[in-house]
Amino acid sequence: MVETDFLTHTLGNGIRIIHQFTDSPVGHLGVLINAGSRDEQEEEHGLAHFIEHSVFKGTQKRKAFHILSRIEGVGGELNAYTTKEETVLYATFLTDYYERSAELLSDILFHSVYPEKELKREKEVVVEEINSYKDSPSELIFDEFEELVFDGHPIARNILGTKKNVRAFTRDSIFRFIENNYHTDQMVISSVGNVDFGVLVKMLEKYFGMAPAKLRNNTRVQFDNYKPQQLVVQKDTFQSHCIIGNTSFDANHPLRTVMVLLNNILGGQAMNSRLNLALRERRGMAYNVESGYTAYSDTGLFSVYFGTDKENLDKAQALVQKEFDLLRSKKLGAVQLSNAKKQLIGQIAIATESHDDMMLSIAKSYLLYDKVDPLRVVFKTIEEITAEQLLEVANLVLDKNQMSTLIYK
């Protein structure tokens, strides 16, 4: 594992650049914009995601086919996604095509024209995406849980929007959202690949430096009025689906890393997580059981999801609560704590082998914190977590009286 620090530069208009050199023949370049679905007005619900779809549909000098073919025609990939707080455009390509990728990303970001004919067609694509989501209760329940927890706040709304809203969007809607939410000081260009940093900076100066500086002066509506909610929804499904959770720490909270470790112990990606052992391995009660922790800029969300036979629902809920109670009442022993840390450190190290994931993760870190800690610093932070801190966080976040529950029964 090679230990490196990242190279950074800020363009005159405020757009930040971060780069990690690799000797791979494949490069990764992305633009992360600090604007997502939570930045929409109520009538704009779904617009951030619709823009992400429509940004590829034509620029001042390219039609949709030429945009897609520009990178994919040389074996690369062009993609985008939207979250509650970000919009991301990115490309993967052979390093010979670094400049081609930079120019194309700049073109679609700054010069997309959103043709009416293409918008009409893409609206139906998004409507089908919404339909597809509604057909998948194991995915839909996550969105509806956030609607329950963050009730009445912009962050509660799902990313896809509603069919009615999507069909009502216009070119004016798109340009107005971009004007209000795409600011150069809230953009990060992230690169991972075999390119000299000086060459990269000149390239990005050429294609992104020409954009006029536009600095953000508006702030997001903060979330601060959580009340536990319980909801059971009758669904015609073979399984019962259940999410149990609570608000948690925001992206800047000093206990955020402790929460990451606690979540990993409880229901992280490993097969030896406490919940996987309790529900799946020992009792065969669930095929899918997992916990998750998402840190937003002003709040966070912790949740546990499982799907089980309807007859086992109450037993499964009791087992989840038992694991919560254990973590709240019993401090981890030295060996348990050491093993938990080693597991998380190993998972982070392995994740850095995926260069596209690295490109996206360093972009988000640089956007949020204006820095990216090298692995040695990340690992040291994890190593310094104490059993007392884990117990403190467990008692704050896993409090039964603060839990919200959503069940599809």
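What counts and what doesn't
Residues numbered from 1 in each chain as written. Predicted model: local features only at pLDDT ≥ 70, side-chain atom pairs only at ≥ 80, totals over all residues. Heavy atoms only, no water. Helix = DSSP H or I, 4+ residues; strand = E, 2+ residues; numbered from the N terminus. Expected span 1.5 Å × (residues − 1). Buried < 20%, exposed > 50% of the residue type's maximum accessible area, 1.4 Å probe, protein only. Arc of directions from axis to C-beta. Contact = heavy atoms within 4.5 Å. Polar contact = N/O pair within 3.5 Å; in protein donor to acceptor, adjacent residues only side chain to side chain. Phe/Tyr/Trp six-rings, centres within 6.5 Å; stacked < 30°, edge-to-face > 60°. Lys NZ or Arg CZ within 6 Å of the ring centre and 35° of its normal. 1 Å grid on protein atoms, 1.4 Å probe; cavity = no way out; pocket = protein on both sides within 12 Å on 5 of 7 lines; lining within 4 Å. Points joined across faces, edges and corners; volume = space filled by probe spheres on them. Nonpolar A, V, L, I, M, F, W, Y, C, P; charged D, E, K, R; others polar. Pairing = 2+ DSSP bridges. Axes fitted to C-alpha atoms, helices over the stretch in contact; angles between N-to-C directions.

1. Let's talk about helix α8 (residues 197–208)
Here is step 1: Look at α8: 15 Å from first C-alpha to last across 12 residues, which is about the 16 Å you get at 1.5 Å a residue.
Here is step 2: Among all positions of α8, only F197, L200, V201, M203, L204, Y207 and F208 are buried. For α8, the angular spread of buried residues about the axis comes to 165°, placing them on one side. Across α8 from its buried face, at more than 90 degrees, point the exposed residues K202 and K206.
Here is step 3: Here the buried face of α8 lies against β1 (7–10), β2 (16–21), β3 (26–33), α3 (98–111) and β6 (187–193).
Here is step 4: If you check the start of α8, you find a side-chain oxygen 2.9 Å away from the backbone N of G198, and it comes from D196.

2. As for the packing of aromatic side chains
Here is step 1: Going through the model one piece at a time under the given rule, you end up with 10 aromatic pairs.
Here is step 2: Look at F150 and F223: their rings are 4.8 Å apart centre to centre, the planes differ by 85°, and that puts the pair in the edge-to-face class. In this pair, F150 sits in the loop between α5 (137–149) and α6 (163–168) while F223 sits in the loop between α8 and β7 (230–233), placing the two residues 73 residues apart along the sequence.
Here is step 3: Residue F150 is classed as buried on the basis of its relative accessible area, which comes to 0%.
Here is step 4: Ring centres of F150 and Y296 lie 6.3 Å apart, and the angle between their planes is 75°; on these two criteria the pair is classed as edge-to-face. Here F150 is found in the loop between α5 and α6, whereas its partner Y296 is found in the loop between β9 (289–295) and β10 (300–309), with 146 residues between them in sequence.
Here is step 5: What links up through ring pairs into an aromatic cluster is the set F150, F223 and Y296.
Here is step 6: Cation over ring: R16 sits above Y366, and NZ or CZ is 5.4 Å from the ring centre.
Here is step 7: For K235, the ring lying beneath its charged end belongs to Y408, and the centroid distance is 4.7 Å.

3. Focus: the layout of surface pockets
Here is step 1: Computed from the structure, the second largest pocket encloses a volume of approximately 520 Å³.
Here is step 2: Together, 23 residues line the second largest pocket, and D39, N218, T219, R220 and V221 are the ones closest to its centre.
Here is step 3: With 3 residues, helix α7 (residues 171–181) is the single largest residue contributor to the lining of the second largest pocket.
Here is step 4: For the lining of the second largest pocket, the per-class residue count stands at 3 nonpolar, 11 polar and 9 charged.

4. Side note on the sheet that holds β3
Here is step 1: Reading across the sheet, the 6 strands line up as β1-β2-β6-β3-β5-β4 and stay open at both edges, with mixed pairing between neighbours. Single-partner strands in this sheet number two, and they are β1 and β4 (77–82). Averaged over all adjacent pairs, the angle separating strand axes in this sheet is 15°, with direction ignored.
Here is step 2: The pairing of β3 with strand β5 (residues 87–94) spans 8 bridges and is antiparallel.

5. A closer look at the pairing of β6
Here is step 1: Counted residue by residue, β6 has 7 buried out of 7 residues, so it is predominantly covered.
Here is step 2: Of the two faces of β6, both are covered, the one formed by M187, I189, S191 and G193 as well as the one formed by V188, S190 and V192.
Here is step 3: Relative to β6, β2 is paired through 6 bridges, and the arrangement is parallel. Across the sheet, the residue bridging to H19 is S191, located in β6.
Here is step 4: Bridge analysis of β3 against β6 gives 6 bridges, and the strand direction is antiparallel. Residue pairing across strands places G30 opposite S190, the latter belonging to β6.

6. Section: empty space enclosed by the protein
Here is step 1: Taken as a whole, this structure holds 2 cavities of 30 Å³ or more when the rule is applied.
Here is step 2: Its volume calculated, the largest cavity comes out at about 40 Å³.
Here is step 3: In this structure, the largest cavity is lined by I51, E52, V55, T87, L89, I108, L109, Y114 and Y182.
Here is step 4: Sorting the residues of the lining of the largest cavity by element identifies α1 (47–54), β5 and α3 as the ones contributing at least two each.
Here is step 5: Taken as a whole, the second largest cavity holds about 40 Å³ of empty space.
Here is step 6: Lining the second largest cavity we find L262, L327, K330, K331, L332, A387, L390 and L391.
Here is step 7: When residues of the lining of the second largest cavity are assigned to their parent elements, the largest contribution, 3 residues, is made by helix α15 (residues 387–397).

7. Quick word on the pairing of strand β11 (residues 404–408)
Here is step 1: Among the 5 residues that make up β11, 5 are buried, leaving the element largely enclosed by the rest of the structure.
Here is step 2: Residues S404, L406 and Y408 point to one face of β11 and T405 and I407 to the other, with burial holding for every one of them.
Here is step 3: In this sheet, β11 lies alongside β7 in parallel orientation, the contact comprising 4 bridges. Across the sheet, the residue bridging to V233 is Y408, located in β11.

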